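Listed here are the chains, written in short residue letters.
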Amino acid sequence: MLVKRIQKNGIDLSALAFIPEQTKIPLQRNGMDALPEIAQWRATEPMHKLELPFTFTAFLVTGHDEARTILTDRDSYSNDIRHLFHGDGPATAEDIGGLGFTDPPLHTRLRKIVTPEFTMRRLARLEPMITEFVETQLDALEAEGSGSDLCKAVAFPIPFQTICALLGLDYADRDAFAKLGSDRFDATNGGAAAFGAVSDQRKFLFEAVARQREVPGPGMLGQIIRDEGDAISDFDLAGLADGIFTGGYETTAGMIALGTIVLLQDPAYADLIRNGTPEDVDRVVEELLRYLSVVQVAFPRFAKQDMLLFGQQVKAGDVILASLNGANRDPEAAGERPDEFDPLRVPKSGHLAFGHGIHRCIGAELARMELRIALPLLFRRFPDLALVKPPEDLTFRQLSFVFGVDELPVSF
Ligand code: HEM
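Now for a description of the structure that goes with this document.

Quick notes on the rules
- Residues numbered from 1 in each chain as written.
- Predicted model: local features only at pLDDT ≥ 70, side-chain atom pairs only at ≥ 80, totals over all residues.
- Pairing = 2+ DSSP bridges.
- Helix = DSSP H or I, 4+ residues; strand = E, 2+ residues; numbered from the N terminus.
- Axes fitted to C-alpha atoms, helices over the stretch in contact; angles between N-to-C directions.
- Left-handed = near helix turned anticlockwise from the far one by under 90°.
- Contact = placed C-beta atoms within 7 Å.
- Nonpolar A, V, L, I, M, F, W, Y, C, P; charged D, E, K, R; others polar.
- Near = placed C-beta within 6 Å.
- Parallel < 35°, antiparallel > 145°, perpendicular 65-115°, else oblique.
- Core = buried A, V, L, I, M, F, W, Y, C linked by C-beta atoms within 7 Å.
- Buried ≥ 20, exposed ≤ 12 C-beta atoms within 10 Å, placed from the backbone.

Further remarks concern the pairing of strand β4 (residues 58-61). Along any regular strand, the residues point their side chains to alternate faces of the sheet. For strand β3 (residues 47-50) and β4, the ladder comprises four bridges, and the chain directions are antiparallel. Looking across to β4, one finds that Leu50 is bridged to Ala58. In this structure, β4 lies alongside strand β9 (residues 319-322), joined through four bridges in parallel fashion. Counterpart to Leu60 in the pairing with β9 is Leu321.

Printed below as a string of C-alpha cells:
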C-alpha cells in the first residue's frame, strides 16, 4: 500500500535502482571506512549536492561542525517524512511514525511520554535481564560449536530480546518480526523490500498495541497505556514502538558484530575489553561508536524555508542529510588519525553516533549498557575467539542506512 502511495505521489520506487553511483557513496564503505569521497567533500564542499532520480533536491553534509549545527537547529528543519509523500496532509495508519519522523509539538509530547522508560533508574532494572540474555546467547553459540555464526547466536538476539522485554511484546512472532527488521533499511533491491517491510512491521505493532489495550502488559507499552489511557492514540503508540524497535535493533546488533571484528584485529584491544576496568570498557565502547558510526546518516531534515546554508542556496522542501560517519571521521572533532580505531583517543569534540539535539537517540544509554555487558562477556567466555574468515572476505551490508554484517562465523 505504502509503495503504491509513493508511486501515486510521484516518486517511482523503481528509480531507486538507478540512483547515480555518486549518491550511493554516503551509504557505502571501504571495510569499516567511509569512501575517500566523503573526506574530499568534507574538505571542499561543506554542502554536497546529491544527484537523485526524483524531483526533490538533497544535500549531504560531512563535517562535524556542520552536521552538529543542522541537528541542533530545531526551527529551520522538519523531520516529518510525510512531506515526501503527500505534502502537509494528515497522518494515516500507512504513514511511518515514530519520534524520528515527527516534529514538535507532537515530538515533544511523545518524547516526554517515553523518556521515563529510559531513565538510568529504569534501565538499571533491565541490567540483570540483559546479562542473562547475553549469557544465554553465549551458551547458544558455544552449543552450536566453533565455526558457527556470531550474528545469529549473539549479535541479533541480544538487542532483539532486550527491546521485546523493554516494550513488553510477546515473543510469538519474533522470527517473522526479526526478518522484517532486517529488510527495512536495505535499499539494495531498489528499496521495495524496505518499504514493504516498514508496512508489515507496523501492522504487527498495531496488532500488538491493540492486544495491550485490552490487557496492558508489564513492559513499556502497558505502562504507557496505564499512564496515558486514551490520551495516546494507537497510531502514536504503535509509531513509538516501531521507532524504538527499529532504532534499537539493527543498530546495536551491528555494533556487537562489527565491534567484535574490530577488537579481534589486535590482541591488545581484545585484552582491554576482556580484562580492562569499567572505565577502559567505556572508552572502548565510545571509540567503537565513533569509529563504526553504524547509523550512517541522520534522519533526513527538510528545509522549512529558503535559506543560505554553508554558502549554498537551499529551497524550502530540500532535503539535508547529515553524514554521521563523515562527521565522526572529521579530524577537527576526532583529532589525529581519524580513520584509526584508537581506544586511547582523546577527541576534541564528542562523537555524533547517537545524533544531537531534540532527536538525539533516546536509547543511547540502553545501547551503551548492552555493549558494555555483551562485549566483555563474549571475550571472557571465549579467550581464543577468532574470525573464521578474514574481514575482507565477509559480506558487509551495502547501501544500508544502518551499517552491519549479517553473518560472522567465529572459531573458539
Ligand atoms: C548503538 C546503537 C544505536 C545507535 C548508533 C543509534 C543511533 C541513533 C541516531 C544517530 C539517532 C538520531 C539521528 C538524528 O538525529 O537524526 C537515533 C534516534 C533514535 N534512536 Fe537510536 N541508536 C542506537 C540504539 C538505540 C536503541 C537501543 C533504541 C531504543 C531501544 C533507540 C531508539 C531511538 C529512537 C526512538 C530514536 C528517535 C529519537 C527522536 O527522534 O527523538 N536507538 N538513534
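The structure having been displayed, the exposition proceeds.
With that out of the way, let us pick up the packing of helix α7 (residues 120-144) against helix α9 (residues 157-167). Look at α7 against α9: their axes get within 10 Å of each other, and the N-to-C directions meet at 145°. Between α7 and α9 the crossing geometry is right-handed. Contact residues: α7 offers Leu126, Met129, Ile130, Phe133, Val134 and Gln137, while α9 offers Pro157, Ile158, Gln161, Thr162, Ala165 and Leu166. Looking at side-chain class alone, the contact of α7 with α9 contains nine nonpolar, three polar and no charged residues.

Attention now moves to the site of the ligand. Taken together, 26 residues sit near the ligand, with Gly247, Gly248, Gly355, Cys361 and Gly363 positioned nearest. Every element with two or more residues in the shell around the ligand is listed here: α13 (234-263) and α18 (364-381). Per-element accounting of the shell around the ligand gives the leading share, seven residues, to α13. Here the residues of the shell around the ligand sort into 16 nonpolar, nine polar and one charged.

Strand order in this open sheet of five strands is β3-β4-β9-β6-β5, and the pairing throughout is mixed. Both outer strands of the open sheet, β3 and β5 (77-78), are each paired with one neighbouring strand and no more. The strands touched by helix α4 (residues 64-72) are β4, β5, β6 (301-303) and β9; relative to β9, the strand with the most contacts, the crossing angle is about 125°.

Turning to the environment of Glu392, a few remarks are in order. Along the chain, the position of Glu392 falls in the loop between β10 (386-387) and β11 (410-411). When the C-alpha atoms of Glu392 and Asn30 are compared, they prove to be 9.6 Å apart, with 362 residues separating the residues in sequence.

On to the packing of α13 against helix α15 (residues 278-292). Running from amino to carboxyl end, α13 crosses α15 at an angle of 100°, the nearest separation of the two axes being 11 Å. As summarised for this structure, α13 and α15 are arranged roughly perpendicular, according to the angle between their axes. Along the contact surface, α13 presents Met255, Leu258, Gly259 and Val262, while α15 presents Leu288, Tyr291 and Leu292. Partitioning the contact of α13 with α15 into residue classes produces six nonpolar, one polar and no charged.

One finds Ala241 and Ala322 to be the most contacted residues of the largest nonpolar core, which totals 96 residues. Ranked by residue count, the leading element in this core is α13, at 14 residues. Dropping the residues within four chain positions of it, Ala241 is found in contact with Leu167, Leu205, Val209 and Leu221.

Purely geometric numbers; function is a separate question.
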